[in-house]
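A closer look at the structure
Letter by letter, the chains look like this.
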Amino acid sequence: MTTAKPTVTASYTLQLPAGTEHPPSLTPTVTHAFPLGNSSSLRTLDPEPGTTSVDVQEYYAGLRAAIAAARLRLGEELTAWRDAVGNGEAGKEKKLKAAKDEEQDQEDEDEGEA
């Protein structure tokens with residue numbers, strides 16, 4: 001019987017703004033798996049009876065390393081996406097804020113007339 005090697009899995013699906021062009025090396029849907037260290041000492045996610053503290057320490061050391069690798073990889077990819085999308089989204093935020101400010105000004109004027 002073989003058991004699957006424990007991994008940390010990270011996935012994302014980006015909803016890109018219309019007309020966004022991006023490098024072919026970037027894909028909007030990605031799943032990554034990051035293995036937890038040495039598989040011989042990390043057979044299961046649940047400690048078995050008789051598991052030594054060294055085994056548990058190895059497990060958590062492998063888990064920390066996998067999380068760090070996931071964080072680094074996702075950070076690099078999402079930064080590349082931010083750069084690819086550029087300031088296209090910034091303009092939308094400014095327009096939305098301006099519309100809300102204009103609506104608030106109109107409400108203030110209406111209250112002053114009453």
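Reading guide: rules and limits
Along each chain, residue indices are assigned from 1 in the same order as the chain's sequence is written. This being a predicted model, a pLDDT of at least 70 is required before a residue's local features are given, and a value of 80 or more before pairs of side-chain atoms are given or counted; all residues contribute to the totals for chains, interfaces and linings. Excluding hydrogens and water, the side-chain values take into account all heavy atoms of the structure. Note on classification: 1.4 Å probe, protein chains only; a residue is buried when its accessible area is under 20% of the maximum for its type, exposed when over 50%, partly exposed between these limits. Each helix corresponds to a stretch of at least 4 residues labelled H or I by DSSP, and each strand to a stretch of at least 2 residues labelled E; elements are numbered beginning at the N terminus. The pairing criterion for strands is at least two bridges between them, as found by DSSP. In these notes, a set of buried Ala, Val, Leu, Ile, Met, Phe, Trp, Tyr and Cys residues joined through side-chain atoms within 4.5 Å is what counts as a nonpolar core. Two residues qualify as a contact provided that any one of their heavy atoms is within 4.5 Å of a heavy atom in the partner residue. For this document, the term salt bridge refers to a Lys or Arg side-chain nitrogen within 4 Å of an Asp or Glu carboxyl oxygen.

Points about the pairing of strand β1 (residues 7-13)
Residues of β1 alternate between two faces, with Val 8, Ala 10 and Tyr 12 buried on one and Thr 7, Thr 9, Ser 11 and Thr 13 left unburied on the opposite face. Bridging between β1 and strand β2 (residues 29-35) involves seven bridges; their strand directions are antiparallel. Residue pairing in the sheet places Ala 10 in a bridge with His 32 of β2.

Observations regarding the nonpolar core
Judged by nonpolar contacts, Val 8, Ala 10, Tyr 12, Leu 26, Val 30, Phe 34, Leu 36, Tyr 59, Ala 66, Ala 70, Leu 74 and Trp 81 together constitute the single largest core of 12 residues. Among the secondary structure elements, those contributing two or more residues to this core are β1, β2 and α1 (53-85). With five residues, α1 is the single largest residue contributor to this core. Sequence-distant contacts of Leu 74, defined by excluding residues within four places in its chain, comprise Ala 10, Tyr 12 and His 32.

Side note on the environment of Phe 34
Residue placement: Phe 34 occurs in strand β2. For Phe 34, a relative accessible area of 7% puts it in the buried group. With 33 residues separating them in the primary sequence, Phe 34 and Ile 67 have C-alpha atoms 7.7 Å apart.

Some details on the pattern of salt bridges
Inspection of every chain in the model, using the stated rule, returns two salt bridges. A salt bridge links Glu 77 to Arg 73; the shortest N-O distance between them is 3.3 Å. Note that Glu 77 and Arg 73 are positioned in helix α1 at a spacing of four residues, about one turn of the helix. Asp 83 is the salt-bridge partner of Arg 82, the closest N and O atoms lying 3.3 Å from each other. Comparing Arg 82 with Asp 83 shows no difference in burial state: the two are exposed.

This is a description of form; function is not addressed.
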